[in-house]
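Listed here are the chains, written in short residue letters.
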Amino acid sequence: MDGNSAALRAELKLLSESLWARYQSETAPMVNEMNSLLDKCEVAATAADTLANTHSSYITPAGRRWFKLQYRKAGKGKVNDGVARFFRALTNGMSERLAESNFYTASHEVYNDRTRLGTGAMFIGGSDTEPLYFTYFAFGTYVLDEDARGNVHTLVRKFEYTPAQAEMEWGIENLSEKVQAWCRDDNQRNSHKVEFLQIVRPNKKQRKEGWRDIPDELRSYEGYYVEADSYHIVKQEGFYEFPFLVTRYLRAAGSPYGKPPGKRVLPAIRQVVKLERIMDTLAEVQAFPRIMQLPRQNKQVDMRAGGITTISEEAARLNMPREWGTGGRYDIGLDRIQRKEEQIRKAYHEDMLLSVTAQEKQMTAREVQERVAEKILAFTPSFTLFINDNKVAMRRILGVLLRRGELPLDDAPAELKKEIGEILNPQVAYLGRIAQALELIVARGTQQVIDEIIKWVQATGRTEMLDWVDEEELIREWQDVFGCSDNVILGDLEIKQKIKERLEQMQGAQQMAMDNDALDAAGKLAQIQAAMKKGGAR
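So, a few notes on the structure that sits alongside this text.

## Quick notes on the sheet that holds strand β7 (residues 221–227)
So, point 1. Taken together, 5 strands build an open sheet; the order of strands is β4-β5-β6-β7-β8 and the sheet is antiparallel. At either end of the open sheet lies a strand with only one pairing partner, and these are β4 (142–146) and β8 (233–239). With strand direction ignored, the average angle separating the axes of adjacent strands in the sheet is 15°.
So, point 2. For β4 and strand β5 (residues 152–161), the ladder comprises 5 bridges, and the chain directions are antiparallel. When the sheet's bridge partners are listed, Y142 is paired in β5 with R157.

Next up, the structure:
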């Protein structure tokens, strides 16, 4: 392979080893302890799993629209209907392709790592057989680096193939001589394991901007598959976008890895594990108490149910045998465990999840919204970081689908075809339950203003106050807040056409009423004239 120069291999080796060394010294100890504690602490593990399920159900739910692509310049003025319809078509097409792919199963594994260990990752790709597919990476099998703004731009991961798998994936001619020999050895071919690295980093060479038809070596990111022991390069490739979703729960200062919700309550989790071990011992001792006996009573005490033990008068005076060391307070230990468990549940936002569920049932109750608001705001930093990290993934998914002709790019309005970057980098609005709950908090101001205007109109009878309300914008805001489909709400052109038709109908009705009034007046006039003539003849 032309790219298999000693200098390039040395550069990749230095990058990989430095990132793995940093991970092992700064992050691995916390991850190992968290994994161990979650295996022992049921309440923490359950809370983490519930929070991961919440991501799948309330942020990116399968079977429900959870995002909307929008024209990024929409904030500078109303978007014309052609542009709006095109982005609706992109949204619908992207939603359908996600539903057809393994996105929802892979993303749930990512969310498990995000809530348990602080960081989750998966690869985003497309092929001739699968236009869009996702590959989950277990945390601990990869290391990361980020730019000055905190955006992950480098990933190195370890994985294993048998020589037969490596040959099938990359061709025997691209493997090192050692691995080629294993491929030809029937005893090693399907049993031996070879460790490989996938390395993806920003392309430092001369790059050509664009979104398709660019050679691999000129794309924004360069990728390598290398044998881990020798750094022999078996494949080199390029990517238009960073091809991974890497999502962090909270930012850890000075680290590309996330901070899990359980880190803040690690002492409480440790104490619960210790207390449960002590309480188990106490319960066992109370159920099967320790026995103190005289030396000569050895093997004479009958511990069976209904057993009879005969003791001497001396042993009776000494109260032997008797229970010993069973005086622990189970109730005090249980109370301490309950208080620690409540701290753990709060760290994993269990109270917020219950509030969102209650809000689903009573969405219009003002007092419920007020109670929910404060609890949901505690989750906002993590949700905001999720949105920021997910921007990269959404751009990648959109780019993969557009390049493979899976989305209707030819239907783009002429003005957008001149600004292809606006299509590839749209604004993403989230429509899941968590996003709606946060939008409701923001929308309270709008609702309060509308309520006050209605009170004023009712009190004064002056309806001109309603002229201050832009009804179309109000409907659009409600649409975003409650996650209403774009197919339900008409576009600007359709609304204008309906208003025009309604005005024409009203004008037609008014004209008809005027014509009827004129006919009635003419009829009455004719009757009066006839009556006058009749009276004159008399």
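## A closer look at the packing of aromatic side chains
So, point 1. One pass over the full model with this rule turns up 30 aromatic pairs.
So, point 2. Here the aromatic rings of F159 and F196 are separated by 6.0 Å at their centres, their planes lie at 25°, and the arrangement is stacked. Remark: F196 occurs in strand β6 (residues 194–202) and F159 occurs in strand β5; sequence separation between them is 37 residues. For the pair F159 and F196, one class covers both residues: buried.
So, point 3. Here the aromatic cluster, defined as three or more aromatic residues joined through ring pairs, consists of W66, F67, F103, Y104, Y111, F134, F383, F386 and Y430.
So, point 4. Positioned above the aromatic ring of F159, the side-chain terminus of R157 is 4.3 Å from the ring centre.

## Notes on the pairing of strand β2 (residues 119–125)
So, point 1. Along β2, 7 of the 7 residues are buried, which leaves the element largely enclosed by surrounding structure.
So, point 2. Side-chain alternation along β2 places T119, A121, F123 and G125 on one buried face and G120, M122 and I124 on a second face that is also buried.
So, point 3. Relative to strand β9 (residues 244–248), β2 runs antiparallel, the two sharing 5 bridges. Considered in β9, the bridge of T119 is made with R248.

## A closer look at empty space enclosed by the protein
So, point 1. A complete count under the given rule lists 5 cavities of 30 Å³ or more for this structure.
So, point 2. Forming the walls of the largest cavity are G150, N151, V152, F242, F244, V246, R248, N388, D389 and V392.
So, point 3. Of all elements in the fold, only β9 and α14 (380–403) reach the threshold of two or more residues within the lining of the largest cavity.
So, point 4. The residue inventory of the lining of the largest cavity, partitioned by class, reads 5 nonpolar, 3 polar and 2 charged.
So, point 5. The computed volume of the second largest cavity comes to approximately 60 Å³.
So, point 6. What lines the second largest cavity is simply T60, W66, F103, Y111, M122, F134, L245, F386, N390, A393, M394 and I397.
So, point 7. Of all the secondary-structure elements, those providing two or more residues to the lining of the second largest cavity are α5 (103–117) and α14.
So, point 8. Take the lining of the second largest cavity: its biggest share by element is 5 residues, from α14.
So, point 9. Of the residues belonging to the lining of the second largest cavity, the class tally is 10 nonpolar, 2 polar and no charged.

## Observations regarding a positive patch on the surface
So, point 1. Where like charges cluster on the molecular surface, the positive patch consists of K40, K274, R277 and R336.
So, point 2. Relative to the elements of secondary structure, R336 occurs in helix α11 (residues 330–347).
So, point 3. Overall, the relative accessible area of 36% leaves R336 in the partly exposed class.

## Quick look at the environment of F139
So, point 1. Within the fold, F139 resides in the loop between β3 (133–137) and β4.
So, point 2. Residue F139 is classed as buried on the basis of its relative accessible area, which comes to 11%.
So, point 3. C-alpha separation for the pair F139 and G120, spaced 19 residues apart in sequence, amounts to 6.4 Å.
So, point 4. If sequence neighbours within four positions are ignored, F139 has contacts with Y23, T27, V31, D113, L117, T119 and Y257.

Parameters at a glance
- Residues numbered from 1 in each chain as written.
- Predicted model: local features only at pLDDT ≥ 70, side-chain atom pairs only at ≥ 80, totals over all residues.
- Heavy atoms only, no water.
- Pairing = 2+ DSSP bridges.
- Helix = DSSP H or I, 4+ residues; strand = E, 2+ residues; numbered from the N terminus.
- Axes fitted to C-alpha atoms, helices over the stretch in contact; angles between N-to-C directions.
- Phe/Tyr/Trp six-rings, centres within 6.5 Å; stacked < 30°, edge-to-face > 60°.
- Buried < 20%, exposed > 50% of the residue type's maximum accessible area, 1.4 Å probe, protein only.
- Lys NZ or Arg CZ within 6 Å of the ring centre and 35° of its normal.
- 1 Å grid on protein atoms, 1.4 Å probe; cavity = no way out; pocket = protein on both sides within 12 Å on 5 of 7 lines; lining within 4 Å.
- Points joined across faces, edges and corners; volume = space filled by probe spheres on them.
- Nonpolar A, V, L, I, M, F, W, Y, C, P; charged D, E, K, R; others polar.
- Patch = residues over 30% accessible without salt bridge, like charges linked within 9 Å, V, L, I, M, F, W, Y side chains within 5 Å.
- Areas by Shrake-Rupley, 256 points an atom, 1.4 Å probe, with all protein chains shown as cover.
- Salt bridge = Lys/Arg side-chain N within 4 Å of Asp/Glu carboxyl O.
- Lys, Arg positive; Asp, Glu negative; His and termini not counted.
- Charge placed at Lys NZ, Arg CZ, Asp CG, Glu CD.
- Contact = heavy atoms within 4.5 Å.

So, to be careful, I would describe these as geometric facts and stop short of saying anything about function.
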